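Architecture and fold: a report
The residues making up each chain are set out below.
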Amino acid sequence: MAAGRQLGSVRRLVVKVGSGLVTDASAGADAVRIETLASEIAAVRADREVVLVTSGAIVTGMARLALEKRPRSIPEKQAAAAVGQSALMWHYEAAFKRHGIHVGQVLLTGQDIADRTRYLNARNTLVALLRFGVLPIVNENDTVAVDEIKVGDNDNLSAHVAALIDADLLVLLTDVAGLYSGDPAQDPTATKLDTVEAVTDDILRLVWSHTGGTAVGGMATKLAAAQKATASGVPMIIASGEDRGALARMLAGEPVGTYFPPRADRLAARKRWIAFAVPPQGRITVDAGACRALVRDGKSLLPSGLVAVDGDFVAGDVVAVVAAERPAAGPERPAAEFARGLVNFDADELRLIRGAKTRDIEARLGYRSVDEVIHRDNLVIL
Ligand code: GLU
């Protein structure tokens, strides 16, 4: 059913393509497929702004360097990415030039998204490129991104980019037609889901049961991307990149792929940043009463509900809030994390005031401070 898809007014979209669609393991960047992609994008771009997020740097670099196996060491992978990224861009340059479209390369890391100033800089640059009529082509900056500062996969990167530029739609083009009710390779009765209203634990289980939780760019990262995009008010579609004309047809309202509608309670930009952009620096565990007060009553978090404090964070950091007793949640979230927020105290201070009544905070700390561990305005329920 196509009901509920409101794509008539999409003016700005982010299209993400996986390595498999634009590269060939032995030849590297695949000129023919990149040309096809360029035509598909050019066709929908006449009256819209498009940002392309592409993978394939490492695979392309491996082919250029005649590496038969994916390098194991990080510097070698980064070297392959450096070689591959410029080769990949060369192909995109050539392909889009045929359509009279200029491209601009934008390489980002997790840090560029986690740091508020760099986040705003990245947004300003992307918006300036769009104003110039340029097609920004984004990838992770693999040559400098080691684990600590990585987004790690381009599905999640594309969701960040979509939120960053307030896109009207995020499209993940992949090698399957959408999200299936089972593993189509093993279960002939598995059907493609047309719409996923919410990425619930049941939907997450569907994916984890048949990816084993390993594949980068598999469905698990796509669902994590869907959570980020839809929470930011950006609808998302997973569709096949092999299906010619899919992009134009989905924008014309056809029920192509699997659609994830935007969440009605769209998070404000600041809260989005708290929820998704910054990796939590620590974890605080709260009791059932505090959990209820936060989730149901919309209250701030007070020290009295605090049960445990993990990590070495400082005031102003983002921390994960977990419930003392609650069954494990989805794969992307550590078990039972239900909220994130900007904390008002250092970890050591919180250990001193854990469980304290508001009136006892000053005595325990030895100085006067705020009452809230996390103020409501800086708290996001996930
Ligand atoms: N940035 C990587 C590359 O271009 C790919 C990451 C991904 O596919 O998710 O090789």
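What counts and how
Residues numbered from 1 in each chain as written. Predicted model: local features only at pLDDT ≥ 70, side-chain atom pairs only at ≥ 80, totals over all residues. Heavy atoms only, no water. Buried < 20%, exposed > 50% of the residue type's maximum accessible area, 1.4 Å probe, protein only. Helix = DSSP H or I, 4+ residues; strand = E, 2+ residues; numbered from the N terminus. Pairing = 2+ DSSP bridges. pLDDT = per-residue confidence, 0-100. Contact = heavy atoms within 4.5 Å. Phe/Tyr/Trp six-rings, centres within 6.5 Å; stacked < 30°, edge-to-face > 60°. 1 Å grid on protein atoms, 1.4 Å probe; cavity = no way out; pocket = protein on both sides within 12 Å on 5 of 7 lines; lining within 4 Å. Points joined across faces, edges and corners; volume = space filled by probe spheres on them. Nonpolar A, V, L, I, M, F, W, Y, C, P; charged D, E, K, R; others polar. Polar contact = N/O pair within 3.5 Å; in protein donor to acceptor, adjacent residues only side chain to side chain. Near = heavy atom within 4 Å. Areas by Shrake-Rupley, 256 points an atom, 1.4 Å probe, with all protein chains shown as cover. Salt bridge = Lys/Arg side-chain N within 4 Å of Asp/Glu carboxyl O. Axes fitted to C-alpha atoms, helices over the stretch in contact; angles between N-to-C directions.

All right, on to the pairing of strand E12 (residues 318–323) then. Looking along a regular strand, one sees the side chains alternate between the two faces of the sheet. Extensive coverage of E12 is indicated by the burial of six of its six residues. The pairing of strand E10 (residues 282–286) with E12 spans five bridges and is classified as parallel. Within E12, the position partnered with Thr285 by the bridge is Val322.

This part is about unusual backbone geometry. Positive phi is not limited to glycine here, since Ala66 has a value of about 55°. Mapping Ala66 onto the fold places it in the loop between helix H3 (57–64) and helix H4 (74–97). You can call Ala66 exposed: its relative accessible area is 62%. You will see that Asp166, though not glycine, has its phi angle at about 50°, which is positive. Mapped onto the elements of the fold, Asp166 is located in the loop between helix H7 (154–164) and strand E7 (169–174).

Attention shifts here to the confidence of the model for the protein chain. A low pLDDT means the predicted coordinates there should not be read in detail. Taken residue by residue, the protein chain gives an average pLDDT of 88. The fraction at 70 or more is 94%. Throughout residues 212–217 the model reports pLDDT below 50, and contacts reaching past four residues in sequence, or to other chains, amount to five contacts. Confidence drops under pLDDT 50 across residues 327–334; counting only partners more than four residues distant or on other chains, this segment forms 17 contacts.

Throughout the structure, instances matching the rule amount to one aromatic pair. Taken together, a centroid distance of 6.3 Å and an interplanar angle of 25° make the contact between Tyr92 and Phe96 stacked. Residue Tyr92 and its partner Phe96 are both found in helix H4; the two are separated by four residues, about one turn of the helix. Just as Tyr92 is buried, Phe96 falls in that class too.

Tallied over the full model, the rule gives one cavity of 30 Å³ or more. Of the voids in this model, the largest cavity is the one considered here, and its volume is about 70 Å³. Surrounding the largest cavity, Tyr119, Ala159, His160, Ala163, Lys228, Ser232, Arg272, Trp273, Phe276 and Ala277 form its lining. Elements that contribute at least two residues to the lining of the largest cavity include exactly H7 and helix H11 (269–277). Within the lining of the largest cavity, the residues separate by chemical class into six nonpolar, two polar and two charged.

Moving on: the side chain of Arg340. Summarising the element assignment, Arg340 is placed in strand E13 (residues 337–342). For Arg340, a relative accessible area of 13% corresponds to the buried category. Looking at Arg340, its side chain comes within polar contact range of the side chain of Glu337, at 2.5 Å. Sequence-distant contacts of Arg340, defined by excluding residues within four places in its chain, comprise Ile274, Ala275, Val278, Pro280, Val318, Val319, Ala320, Asn378, Leu379, Val380 and Leu382.

On to the site of the ligand, then. Of all residues adjacent to the ligand, which total nine residues, the nearest are Ser55, Ala57, Asn139, Asp142 and Asn154. Take Gly56: an N or O atom from its main chain is 3.0 Å from an oxygen atom of the ligand. Across the complex, the protein chains shield 88% of the 300 Å² of accessible surface that the ligand would expose by itself. Taken together, the residues of the shell around the ligand break down into three nonpolar, four polar and two charged.

This paragraph deals with the environment of Ser158. Mapped onto the secondary structure, Ser158 falls in helix H7. Counting along the chain gives 119 residues from Ser158 to Ser39, while the straight-line C-alpha distance between them is 21 Å. Once residues within four sequence positions are removed from consideration, Ser158 is found in contact with Val14, Lys16, Val53, Leu170 and Leu172.

Taken as a whole and assessed by the stated rule, the structure comprises 16 salt bridges. In this structure, Arg5 engages Asp194 in a salt bridge whose closest nitrogen and oxygen atoms are separated by 3.3 Å. A residue pair is termed long-range when its members are at least 10 positions apart, and Arg5 in the segment before strand E1 (12–17) and Asp194 in the loop between E7 and helix H8 (201–211) qualify at 189 residues. By the burial criterion, Arg5 is buried, and Asp194 matches it. Between Asp202 and Arg205 there is a salt bridge; the shortest N-O distance is 2.6 Å. With Asp202 and Arg205 both in helix H8, this residue pair falls three residues apart, about one helical turn. With respect to class, Asp202 is no different from Arg205; both count as exposed. Ionic contacts of the salt-bridge type, sharing partners, join the residues Lys16, Asp155 and Lys222 into one network.

Here seven strands make up an open sheet; going across it, the order is E5-E6-E4-E1-E7-E8-E9 and the pairing mixed. Two strands close off the open sheet at either side, each with one partner strand: strand E5 (103–108) and strand E9 (258–260). Ignoring which end each strand starts from, the neighbouring axes of this sheet average 20° apart. Bridging between E1 and strand E4 (residues 49–54) involves six bridges; their strand directions are parallel. From the neighbouring strand, Val15 faces E4, where its bridge partner is Leu52. On the sheet, helix H2 (residues 31–45) packs against E1, E4, strand E6 (135–140) and E7 and is oriented at approximately 155° with respect to E4. Sitting on the sheet, helix H9 (residues 219–231) is in contact with E1, E7, strand E8 (236–240) and E9, with an inclination near 150° to E8.

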